[in-house]
Amino acid sequence: QMNSSIVDFVNAYPELFVQQKKEWIEIVVDWETGNKYAILDPNKNPLGYMAEESGGFWNHIKRVLLRSHRPFLVRILNPSGHPLLKLNRAFFWFFSDLDVVDSEGSRLGSVHRRFGIIYKKYETYLHDSTNCLPVCYAFATSTGIRRSYF
């Protein structure tokens, strides 16, 4: 059973916007730090935050060397800082898999990158205790994301 506060949150907003927050050290000296994002409603009001766990010197080395293939853990927080979700991705060579876990550690779903010649293709799945249900297939293009539902 999916956490009802997360379902209520997602159903309350037909559109969500994500805005990356840069730190001055990243801008001035091009030093990579953990990514931080604000989650906004259509009127640009803050609904929550996303923050990548930094993890010290070795994680910085992995960030620099592995770039977009690096493993990461992102926490999604409500406006008061209470954790809602965790997004966890392991290191990958070609196609990435991202797991979505609630604050109690229950797996809610996953996103899997698939082969695509022209576009980046993603499959999303909802998980419950007995099965894994496909939700949609997404294509990332320069003009946005197009979805087709199963």
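Owing to the predicted nature of the structure, the values given are computational and were not obtained by experimental measurement. (Residues numbered from 1 in each chain as written. Predicted model: local features only at pLDDT ≥ 70, side-chain atom pairs only at ≥ 80, totals over all residues. Heavy atoms only, no water.)

(A) Region of the structure containing the nonpolar core. The biggest cluster of nonpolar side chains holds 12 residues, and these are Ile 39, Leu 47, Met 50, Phe 72, Val 74, Ile 76, Leu 84, Leu 85, Leu 87, Leu 98, Val 100 and Leu 108. The set of elements that each furnish at least two residues to this core consists of strand E3 (46–52), strand E4 (72–77), strand E5 (83–89) and strand E6 (97–102). Every residue in contact with Leu 87, bar those within four places of it in the chain, is listed here: Met 50, Phe 72, Leu 73, Val 74, Ile 76, Leu 98, Asp 99 and Val 100. (Core = buried A, V, L, I, M, F, W, Y, C linked by side-chain atoms within 4.5 Å. Buried < 20%, exposed > 50% of the residue type's maximum accessible area, 1.4 Å probe, protein only. Helix = DSSP H or I, 4+ residues; strand = E, 2+ residues; numbered from the N terminus. Contact = heavy atoms within 4.5 Å.)

(B) Spatial organisation of the pattern of salt bridges. Under the definition given, this model contains four salt bridges. A salt bridge links Arg 70 to Glu 52; its shortest N-O distance comes to 3.2 Å. Of this pair, Arg 70 sits in the loop between helix H3 (57–66) and E4 while Glu 52 sits in strand E3, placing them 18 residues apart in sequence. Looking at Glu 52, the relative accessible area reads 10%, which means it is buried. Note that Arg 75 is salt-bridged to Glu 53, the shortest N-O span being 2.7 Å. Here Arg 75 is found in strand E4, whereas its partner Glu 53 is found in the loop between E3 and H3, with 22 residues between them in sequence. (Salt bridge = Lys/Arg side-chain N within 4 Å of Asp/Glu carboxyl O.)

(C) A look at the side chain of Asp 41. Locating Asp 41 in the fold gives a position in the loop between strand E2 (36–40) and E3. Although Asp 41 is buried, it forms no salt bridge, and the closest oppositely charged side chain is Lys 44 at an N-O distance of 7.4 Å. Reaching out from Asp 41, the side chain makes a polar contact with the backbone nitrogen of Asn 45 at a distance of 2.8 Å. Apart from residues lying up to four places away in sequence, Asp 41 is in contact with Tyr 13, Phe 17 and Leu 47. (Lys, Arg positive; Asp, Glu negative; His and termini not counted. Polar contact = N/O pair within 3.5 Å; in protein donor to acceptor, adjacent residues only side chain to side chain.)

(D) Just the packing of aromatic side chains, in detail. By the definition in use, this model includes two aromatic pairs. Between Phe 57 and Trp 58, the aromatic rings sit 5.4 Å apart at their centres with planes inclined by 70°, giving edge-to-face as the arrangement. With 5.1 Å between their ring centres and 80° between their planes, Phe 91 and Trp 93 make a pair best called edge-to-face. Phe 91 gets classed as partly exposed once you look at its relative accessible area, which sits at 35%. (Phe/Tyr/Trp six-rings, centres within 6.5 Å; stacked < 30°, edge-to-face > 60°.)

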